[in-house]
Amino acid sequence: MDLFGTAGIRGAVTETVTPALALAVGQAAAVDDREFVVARDGRETGSALAAAIEAGLESGGATVRRAGPLPTPALAFASRGRRGIMVTASHNPPTDNGLKLFVDGREYDSVAEGRIEDRVDEGTAPAPWNEWGTSTTVDVLDAYREAVIEYASGFGAPLDGVRVAVDCGNGMASVATPQVLRALGADVVALNANVDGHFPGRESKPTPESLTDLREFVSAGEFELGIGHDGDADRIVVVAADGSVVHEDTVLAILAEQYVRQSERSDPVVVTTPNASARIDERVQAAGGRVERVHLGGLHEGIAAVQANADEETDVVFAAEPWKHVHPDLGGWIDGVASAAVFARLVAAEGLDALRAPVTERPYRKESLACPDESKAAVMETLETRLPEAFSDAAVSTDYGVRLAWDDASWLLVRPSGTEPYVRMYAESDEVDALVAEARSVIERTIDEVAG
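Bear in mind the structure is a predicted one, so any value in this text is a computation, not a measurement.

(A) Representation of the packing of aromatic side chains in the model. Inspection of every chain in the model, using the stated rule, returns eight aromatic pairs. Here the aromatic rings of Phe77 and Trp333 are separated by 6.1 Å at their centres, their planes lie at 85°, and the arrangement is edge-to-face. In this pair, Phe77 sits in helix 3 (residues 72-78) while Trp333 sits in the loop between strand 15 (324-326) and helix 11 (336-350), placing the two residues 256 residues apart along the sequence. With respect to burial, Phe77 and Trp333 carry one shared label: buried. A ring pair is formed by Phe391 and Trp406, whose centres lie 5.8 Å apart and whose planes are at 85°; its orientation type is edge-to-face. Within this pair, whereas Phe391 is found in the loop between helix 13 (376-390) and strand 17 (395-397), its partner Trp406 is found in the loop between strand 18 (402-405) and strand 19 (411-416), the two being separated by 15 residues in sequence. According to the relative accessible area criterion, Phe391 is buried, its value standing at 6%. Under the relative-accessibility criterion, Trp406 is labelled buried at 16%. Taken together, the ring pairs connect Tyr151, Phe155, Tyr259 and Phe318 into an aromatic cluster. Between the NZ or CZ atom of Arg163 and the centre of the ring of Phe223, over which it lies, the distance is 4.2 Å.

Shown next as structure tokens:
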């Protein structure tokens, strides 16, 4: 059984993430510990799924702390010193829901997820009747917001007088980001800031297209920046004063550079993923740090790997993949609310244009090429040889797909999709059209030969 994707369990509530599955996952998780905090986002199906999770945990012998509707980072914050389960499908449509498991503020790694999958597949018997757990209600939100406010205050400058527009997308950011930014002194205008599991204001995934209203609103007003979130507030999209979307890798590069510059260690490390731009490496290296890459969805594993081999001068100061950021000194979880607060204070100190100026933004492309699921492994094995042969002047890494890099900071990544019948291609280069065309030719020929 393959339950977990790159970000927990996720799917349609009538087919995949059903109450029966939630009950089974709760019983399976209860084997690991005796105390869990459970929360959900604002989806219509969240209440029923949270009840099923709680029933599974309690019948498995665990005590449940019911936290109610929360942003995912707030649930992660509450899971410090214990375990937690968040009922959320993040940016998926309202017909979907999902389950994400945490331990001590960090998402379950692949080993822990594998244990849950095995138990669900085999079935987990309830605990004896006199060992079932109980539940109580806990208040998490105020403490979480206060922690983010205190943390963000160590960056940039006060937000007094800074105007920020926040599109909460009818998601859980509605109860966190506007409140945090206002507490930091910002003049905040919030859009779609009522929690509604139908997502009536826009689709939950924040993209340049779905954020059209925010972009027009920001460009028509006197705002220093705009911020867009997804349904559970772990993602962040930044909009400039002219209404344009700041590329997600530029946001990542700006934050990474700031974290490295503020570090007191001689070996500050930024963990990111293979599909992240070389502009991040450039800014991190300019600030005196280094970059380590890990597979998509594995930021917490990458942080742990660096820390396992670290000396006293090595420290993971930031970890991120596009749109999703981990702030290690705050906690080991992805946190869009904290990103909004930190980034806004950096803008207050220097201005967005000044922050972007040192970042080299080369043309970027992403394409998906159809490939049957059963052929993806053989296709990727063949591409490990063919792509280096076709681009013999590139440095090659095959840790997470096939990644080619050149001295001029151009790069190409080819990897199989973990959820759909595609091979993904990412490229960044001043000559991106030519690079993509040549790579596409190699990939399509390989797919035709292997799958044909």
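Picking up after the structure, the text goes on.
(B) Quick look at the sheet that holds strand 11 (residues 236-239). In spatial order, the strands read 9-8-10-11; together these four strands make up an open sheet with mixed pairing. Only two strands of the sheet have a single neighbouring strand rather than two, namely strand 9 (187-191) and strand 11. Each strand axis lies, on average, 20° off the axis of its neighbour in the sheet, ignoring direction. Those strands touched by helix 11 are strand 10 (225-229) and strand 11, and its axis lies near 170° from that of strand 10.

(C) Region of interest: unusual backbone geometry. The phi dihedral of Asn170 falls on the positive side, at around 60°, and the residue is not glycine. Among the residues examined, Asn170 registers a relative accessible area of 2% and is labelled buried.

(D) Main features of the nonpolar core. In terms of nonpolar packing, the biggest core is built from 69 residues, with Leu181, Phe318 and Phe343 touching the most fellow members. Counting residues per element, this core draws most heavily on helix 11, which supplies nine residues. Discounting chain neighbours no more than four positions away, the residues touching Phe318 are Leu252, Leu255, Ala256, Tyr259, Val269, Val270, Val271, His325, Val326, His327 and Pro328. The next biggest cluster of nonpolar side chains, apart from the first, holds 28 residues, and it includes Leu3, Val87, Tyr108 and Ile116.

(E) Just the sheet that holds strand 19, in detail. Spatial strand order, 16-20-19-18-17: five strands in an open sheet with antiparallel pairing. The strands lining the two open edges of the sheet, one partner per strand, are strand 16 (364-370) and strand 17. In this sheet, neighbouring strand axes are inclined to one another by 15° on average, regardless of whether the strands run parallel or antiparallel. Bridge count for strand 17 against strand 18 is three bridges, and the pairing is antiparallel. Counterpart to Ala395 in the pairing with strand 18 is Ala405. Helix-sheet contacts for helix 13 involve strand 17, strand 18, strand 19 and strand 20 (422-428), and the interaxial angle to strand 19 is about 160°.

Reading the values: rules and limits
Residues numbered from 1 in each chain as written. Predicted model: local features only at pLDDT ≥ 70, side-chain atom pairs only at ≥ 80, totals over all residues. Heavy atoms only, no water. Phe/Tyr/Trp six-rings, centres within 6.5 Å; stacked < 30°, edge-to-face > 60°. Helix = DSSP H or I, 4+ residues; strand = E, 2+ residues; numbered from the N terminus. Buried < 20%, exposed > 50% of the residue type's maximum accessible area, 1.4 Å probe, protein only. Lys NZ or Arg CZ within 6 Å of the ring centre and 35° of its normal. Pairing = 2+ DSSP bridges. Axes fitted to C-alpha atoms, helices over the stretch in contact; angles between N-to-C directions. Contact = heavy atoms within 4.5 Å. Core = buried A, V, L, I, M, F, W, Y, C linked by side-chain atoms within 4.5 Å.

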